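# Architecture and fold: a report
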Amino acid sequence: MERDEAKLRAYFEEPPADVSLEDVDLARIPRHVSFIMDGNGRWAQARGLARSKGHAAGVDSLREAVTTSVRLGVDVLSAYAFSTENWRRPQEEVNLLMHLFATTLVKELPLFHQENVRLRFLGDIDALPKKTANVFQRGLDETAGYDGMTFALAVNYGSRAEMARAARMIASDVAAGILDKDQIDEQAIADRLYTAGLPDPELLVRTSGELRLSNYLLWQLAYTEIVVTDVLWPDFSRWDYLRAIRSYQHRDRRFGGVTSA
Ligand code: IPE
Ligand code: IPE
Ligand code: MG
């Protein structure tokens with residue numbers, strides 16, 4: 001993706017002591033960076049605040065992550081906002097999150113317009129409360145023509161549900177005679193996931209220290225480099241983003257082979 005060098009330099013002015021723009025190779029920025037945005041509750045708890053305040057602060061971090069991704073020239077940014085298992089939370093928190101998604105999206109649409117960002121959702125959006133689903137559809141419609149970064153927000157997303165859905169789609173296509181059973185290969189499955197057409201993430205960042213995937217992109221993360229940071233999502237900044245990319249760029253990605261160097 002194209003980068004505006006002047007805006008990039010200005011955006012990363014006044015770095016902290018341990019990381020700066022010079023620490024990353026701009027020629028090797030991952031195409032697709034994905035985030036498991038975790039730790040909003042703990043952030044709030046540590047301040048004696050309600051969990052809702054943590055989610056509200058998390059929105060600010062996500063906005064910054066979108067801008068950072070655009071400045072760095074990332075092609076695809078994806079982020080896990082609500083899992084199929086998150087319905088188990090207290091009704092009040094679920095309601096609050098659904099409301100927050102809707103109001104935030106309306107408020108942030110100008111940013112997408114300004115930065116040429118195309119919105120996409122991963123997950124079963126139709127099953128969301130009507131108001132949230134409507135706003136999401138509006139976001140999709142308004143940004144459909146943009147060809148800058150793709151921002152894929154995972155809401156009501158679960159990897160296992162996604163794979164079961166792909167299996168149902170394949171079964172229907174076979175039954176309808178559109179697809180032969182011998183044509184069911186990895187691509188046929190990938191084409192029926194919510195991420196169809198997107199490259200797999202090269203880098204996954206999970207905040208707040210949990211060493212698990214929580215049903216996120218199990219297929220797509222097969223060879224992704226994983227960075228887990230103890231930073232809580234509401235504290236995650238552009239500098240933490242640079243630290244994660246720096247870490248990614250020091251990895252030896254072998255894909256099952258041997259190192260060539
Ligand atoms: C992540 O923060 C946001 C969502 C899952 C919606 P959490 O709400 O999971 O925060 P912790 O893990 O309880 O700190
Ligand atoms: C994963 O976080 C889901 C999202 C960030 C949306 P959780 O907080 O739900 O994950 P667990 O419960 O700790 O595995
Ligand atoms: Mg959590």
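Within every chain, residues take consecutive numbers counted from 1 along the sequence as written. To read the labels, note that chains go from A and ligands from 1, taken in the order they are written. The predicted nature of this model means local features are confined to residues of pLDDT at least 70 and side-chain atom pairs, given and counted, to a pLDDT of 80 or more, with totals for whole chains, interfaces and linings taken over all residues. In computing side-chain values, all of the structure's heavy atoms are included and hydrogens and water are not.

## Re the pattern of salt bridges
Any Lys or Arg side-chain nitrogen found within 4 Å of a carboxyl oxygen on Asp or Glu counts as a salt bridge. Under the criterion given, the structure shown has 25 salt bridges. Across the pair Glu22 and Arg9 runs a salt bridge, and its minimum N-O distance is 3.9 Å. With Glu22 in the loop between helix 1 (5-11) and strand 1 (32-36) and Arg9 in helix 1, this pair connects stretches of sequence that are 13 residues apart. According to the relative accessible area criterion, Glu22 is exposed, its value standing at 62%. Categorising residues by exposure relies on relative accessible area from a 1.4 Å probe, with only protein chains included: less than 20% of the type maximum marks a residue as buried, more than 50% marks it as exposed, and the intermediate range marks it as partly exposed. Under the relative-accessibility criterion, Arg9 is labelled partly exposed at 39%. For the salt bridge of Arg192 with Asp173, the shortest nitrogen-to-oxygen distance reads 2.9 Å. Taken as a pair, Arg192 in the loop between helix 7 (186-190) and strand 5 (203-206) and Asp173 in helix 6 (residues 159-175) lie far apart in primary sequence, 19 residues in all. The pair formed by Arg192 and Asp173 is uniform in burial state, with each residue classed as buried. Helix and strand labels come from DSSP, where a helix needs a run of H or I of at least four residues and a strand needs a run of E of at least two; each type is numbered from the N terminus.

## Remarks on the packing of helix 3 (residues 51-72) against helix 8 (residues 238-249)
Note on geometry: axes are C-alpha line fits, over the in-contact stretch for helices, and angles between N-to-C directions span 0 to 180 degrees. For the pair helix 3 and helix 8, the least separation of the axes is 9 Å and the interaxial angle reads 50°. Here helix 3 lies oblique to helix 8, going by the angle between them. Crossing angle aside, the handedness with which helix 3 passes helix 8 is right-handed. In this structure, helix 3 uses Glu64, Ala65, Thr68, Ser69 and Leu72 to contact helix 8, whose residues at the interface are Arg238, Tyr241, Leu242 and Ile245. When its residues are assigned to classes, the contact of helix 3 with helix 8 shows five nonpolar, two polar and two charged. Convention used here: angles under 35 degrees read as roughly parallel, angles over 145 as roughly antiparallel, angles from 65 to 115 as roughly perpendicular, and any remaining angle as oblique. Note: crossing handedness is left-handed where the near helix turns anticlockwise from the far helix by less than a right angle, and right-handed where it turns clockwise. Here, two residues are considered to be in contact whenever any of their heavy atoms come within 4.5 Å of each other. Note on residue categories: nonpolar means Ala, Val, Leu, Ile, Met, Phe, Trp, Tyr, Cys or Pro, charged means Asp, Glu, Lys or Arg, and polar means any other residue, Gly included.

## Let's talk about the sheet that holds strand 3 (residues 118-122)
By definition, two strands form a pair when at least two bridges between them are found by DSSP. Pairing in this open sheet of six strands is parallel, and the strands run 3-4-2-1-5-6 from one edge to the other. Edge positions in the sheet fall to strand 3 and strand 6 (225-228), since each of these pairs with one other strand and no more. Each adjacent strand pair in this sheet contributes to an overall mean axis angle of 20°, direction not counted. When strand 1 meets strand 2 (residues 76-83), the two strands line up parallel, connected through five bridges. The residue bridging His32 from the neighbouring strand is Val76, located in strand 2. With respect to the sheet, helix 3 is in contact with strand 2 and strand 4 (150-157), its orientation differing from that of strand 2 by roughly 160°.

## A word on the nonpolar core
Here, nonpolar core means buried Ala, Val, Leu, Ile, Met, Phe, Trp, Tyr and Cys residues that are tied together by side-chain atoms lying within 4.5 Å of each other. In terms of nonpolar packing, the biggest core is built from 52 residues, with Phe35, Leu72, Phe151, Val155 and Tyr241 touching the most fellow members. By residue number, the principal contributor to this core is helix 4 (residues 91-115), which donates nine residues. Dropping the residues within four chain positions of it, Phe151 is found in contact with Leu62, Val66, Leu77, Ala79, Phe112, Val117, Arg118, Leu119 and Arg120. Within the second largest apolar cluster, 13 residues are counted, among which are Ile36, Tyr80, Ala152 and Tyr157.

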